[in-house]
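# An overview of the molecular structure
This is what each chain is made of:
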Amino acid sequence: MPGGRSRGPAAGDWRLRLARLALLLLGWVSSPALTPSAASSTSPAPSPASAASAPPPPPGRCPPPCECSEAARTVKCVNRNLTEVPAELPPYVRNLFLTGAQLAVLPAAAFARRPPLAELAALNLSGSRVEEVRAGAFEHLPSLRQLDLSHNPLARLSPFAFSGSNTSVSAPSPLLELMLNHIVPPAKELQNRSFEGIVATALRAGHALRGLRRLELASNHLLYLPRDLLAHLPGLRHLDLRDNSLVSLTHVSFRNLTHLESLHLEDNALKVLHNGTLAELQGLPHVRVFLDNNPWVCDCHMVDMVAWLKETEVVQGKARLTCAFPEKMRNRVLLELNSSDLDCDPILPPSLQTSYVFLGIVLALIGAIFLLVLYLNRKGIKKWMHNIRDACRDHMEGYHYRYEINADPRLTNLSSNSDV
């Protein structure tokens, strides 16, 4: 039939188109997605602006025995019995506590790190049994402002401990505050060295601490202050010397400490302040002096100091100062004394006392020489004494024989006849 022939080809075309459409849809659904490597290879290179806005690398790790706070910029290694400074310290640290350790020795560049600890401003090493601080121990810490070495038995303190390890060229230290309280070692560890000299040498070497503003030397049993200890610290504002054994301040000068604001001299062995010291303290415009708990000797040498105390305003709590000696003046308030109350015992004038002391020394020396001569010649002296004893015995026997002859009349006649 003509109608049947015309429908056959049209139906085939429609089926062919439907099959092609199905194949097309099937191929689109089953096509693989781009892999990450392909996507990265096809993506454009990052611009310089995007590279600059990339996040910074993470900071250094916190040492395992320590506690770190990035927000407070603080690292605490307290009572961990560390034997050396941790090798890994985060570069963000500003406050570092290494207390209660067993460090023993701080070598040169003990805190040098890569990257450097450029922000470290406060370092506390108190109570860590540090016995030796070598030259350049605190190098590569450009922001260090506060250092606490208190309560360590420092037997060896390098003269360049607070400056560079290169002793020929010592760079100035950035330190503003230095705490050296209770650092005196046992006497046997000093090896005939003066502890006062060790500390003074480290403080004045190379003018490294010219910018220091606070210095604490409390509880170190200091007997005296070296003559030029403070000459190299012109910027000092706070000086703490309390709880030592200072007897006098005659040989130390405060004249160049024009910025000094507080001077703590409590709990020492001061007996009197002489005119030179009084004039220097009065010449400092901003100073406040603390003199409590000293054994003041209220005799004729105290007249000038009492007059100065009544006029000055630099001594804080001066109404609490009392006499300790002599016994009759004990607990008398210094501000209530008059010149008539302050007299010296007139037993002997000072010149005569000196003469008697010199005479006693000469006589003691002569006696020692005499005893030495006797000891060296003891054998000869013993023989000489034996000879004297024998001679005396012979004389006594002769006298005894003559006495017996004289006492017996028969022997007397016999002797007279024999003489004839």
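Residues numbered from 1 in each chain as written. Predicted model: local features only at pLDDT ≥ 70, side-chain atom pairs only at ≥ 80, totals over all residues. Heavy atoms only, no water.

The final tally for this structure, using the stated rule, is 14 salt bridges. Two residues, Glu88 and Arg61, come together in a salt bridge whose shortest N-O distance is 2.8 Å. In this pair, Glu88 is assigned in the loop between β2 (74-76) and β3 (95-97) and Arg61 in the loop between α3 (48-52) and β1 (67-69), connecting sequence segments 27 residues apart. Since its relative accessible area comes to 39%, Glu88 is described here as partly exposed. (Salt bridge = Lys/Arg side-chain N within 4 Å of Asp/Glu carboxyl O. Helix = DSSP H or I, 4+ residues; strand = E, 2+ residues; numbered from the N terminus. Buried < 20%, exposed > 50% of the residue type's maximum accessible area, 1.4 Å probe, protein only.)

On the basis of which strands lie adjacent, the open sheet formed by 11 strands has the order β1-β2-β3-β5-β7-β9-β10-β11-β12-β13-β15 and mixed pairing. Across the chains shown, the open sheet's two edge strands, defined by having one partner strand only, are β1 and β15 (315-316). When strand β13 (residues 288-290) meets β15, the two strands line up parallel, connected through 2 bridges. Note on β15: the bridge partner recorded for Val289 is Val315. (Pairing = 2+ DSSP bridges.)

Where helix α5 (residues 275-282) contacts helix α6 (residues 303-311), the axes come no closer than 10 Å and their chain directions differ by 15 degrees. When the interaxial angle is binned, α5 and α6 end up roughly parallel. Between α5 and α6 the crossing geometry is left-handed. Only Asp304, Met305 and Trp308 of α6 make contact with α5, whose side of the interface consists of Asn275, Leu278, Leu281 and Gln282. (Axes fitted to C-alpha atoms, helices over the stretch in contact; angles between N-to-C directions. Parallel < 35°, antiparallel > 145°, perpendicular 65-115°, else oblique. Left-handed = near helix turned anticlockwise from the far one by under 90°. Contact = heavy atoms within 4.5 Å.)

In this structure the tally under the stated criterion is 4 disulfides. The disulfide partner of Cys298 is Cys323, and the gap between their sulfur atoms is 1.9 Å. Handedness here is read from the sign of the S-S torsion; for Cys298 and Cys323, about -95 degrees, the answer is left-handed. Of the two residues, Cys298 is situated in the loop between β14 (296-297) and α6 and Cys323 in strand β16 (residues 323-325); the sequence distance between them amounts to 25 residues. Disulfide partner of Cys300: Cys344, at an S-S distance of 1.7 Å. The chirality of the disulfide connecting Cys300 with Cys344 is left-handed, given an S-S dihedral of about -80 degrees. Linking Cys300 in the loop between β14 and α6 with Cys344 in the loop between β16 and α7 (350-376), this pair joins segments that are 44 residues apart in sequence. (Disulfide = S-S within 2.5 Å.)

Within the largest apolar cluster, 85 residues are counted, with the highest numbers of intra-cluster contacts made by Phe138 and Phe162. Of all the secondary-structure elements, those providing two or more residues to this core are α4 (195-204), α5 and α6. The element that contributes the greatest number of residues to this core is α4, accounting for 6 residues. (Core = buried A, V, L, I, M, F, W, Y, C linked by side-chain atoms within 4.5 Å.)

What follows deals with α4. Turn by turn, an α-helix covers 3.6 residues, leaving residues three or four places apart pointing in a common direction. Across the 10 residues of α4, 7 count as buried, placing the element largely inside the fold. When we look at burial in α4, the residues that qualify are Phe195, Glu196, Ile198, Val199, Ala200, Ala202 and Leu203. Taken together, the buried residues of α4 touch β8 (156-157), β9 (177-179) and β10 (214-216).

The next subject is the sheet that holds strand β6 (residues 132-133). The strands making up a sheet associate through backbone hydrogen bonding, with each pair oriented either parallel or antiparallel. A sheet is described by the order of its strands in space; here 3 strands give the open sequence β4-β6-β8, paired in parallel fashion. With one partner strand each, in any of the chains shown, β4 (105-106) and β8 form the two edges of the open sheet.

To continue, consider the environment of Val133. With respect to the element layout, Val133 can be found in strand β6. Residue class for Val133 comes out buried when judged on its relative accessible area of 1%. Separated by 29 residues in sequence, Val133 and Ala104 place their C-alpha atoms 8.7 Å apart. Non-local contacts of Val133, meaning those with residues more than four positions away in its chain, are made with Leu106, Phe138, Leu154, Arg156, Leu157, Ser158 and Ala161.

With the rule as written, the count across this model stands at 1 cavity of 30 Å³ or more. Taken as a whole, the largest cavity spans an internal volume of roughly 50 Å³. Lining the largest cavity, in full, are Glu196, Val199, Ala200, Leu217, Leu222, Tyr224, Leu225, Pro226 and Leu229. In the lining of the largest cavity, the residues fall into 8 nonpolar, no polar and 1 charged. (1 Å grid on protein atoms, 1.4 Å probe; cavity = no way out; pocket = protein on both sides within 12 Å on 5 of 7 lines; lining within 4 Å. Points joined across faces, edges and corners; volume = space filled by probe spheres on them. Nonpolar A, V, L, I, M, F, W, Y, C, P; charged D, E, K, R; others polar.)

Let us look at a nonpolar patch on the surface. Together, Tyr356, Phe358, Leu359, Val362, Leu363 and Ile366 line one region of the surface with nonpolar side chains, adding up to about 620 Å² of accessible area. With respect to the helices and strands, Tyr356 occurs in helix α7. (Patch = residues over 30% accessible without salt bridge, like charges linked within 9 Å, V, L, I, M, F, W, Y side chains within 5 Å. Areas by Shrake-Rupley, 256 points an atom, 1.4 Å probe, with all protein chains shown as cover.)

Turning next to unusual backbone geometry. Here the bond from Arg114 into Pro115 is cis, since omega is 0 degrees, no more than 30 degrees from zero. Within the element layout of this structure, Pro115 appears in the loop between β4 and β5 (122-124). Of note, the bond from Phe325 into Pro326 is cis; its omega dihedral lies within 30 degrees of zero at -10 degrees. Examined against the element boundaries, Pro326 turns out to sit in the loop between β16 and α7.

Before going further, it helps to spend a moment on α6. When α6 is considered as a whole, its buried residues turn out to be Met305, Val306, Trp308 and Leu309. Looking straight down α6, one finds that the buried residues subtend no more than 160 degrees of arc, so they occupy a single side. As for α6, its buried residues are in contact with α5, β14 and β15. (Arc of directions from axis to C-beta.)

In this section: the side chain of Ser219. Relative to the helices and strands, Ser219 is located in the loop between β10 and β11 (238-240). The exposure class assigned to Ser219 is buried, which follows from its relative accessible area of 18%. A polar side-chain atom of Ser219 sits 2.8 Å from a polar atom in the side chain of Asp243. Look past the residues within four positions of Ser219 in its chain and what remains in contact with it is His182, Val184, Arg242, Asp243 and Asn244. (Polar contact = N/O pair within 3.5 Å; in protein donor to acceptor, adjacent residues only side chain to side chain.)

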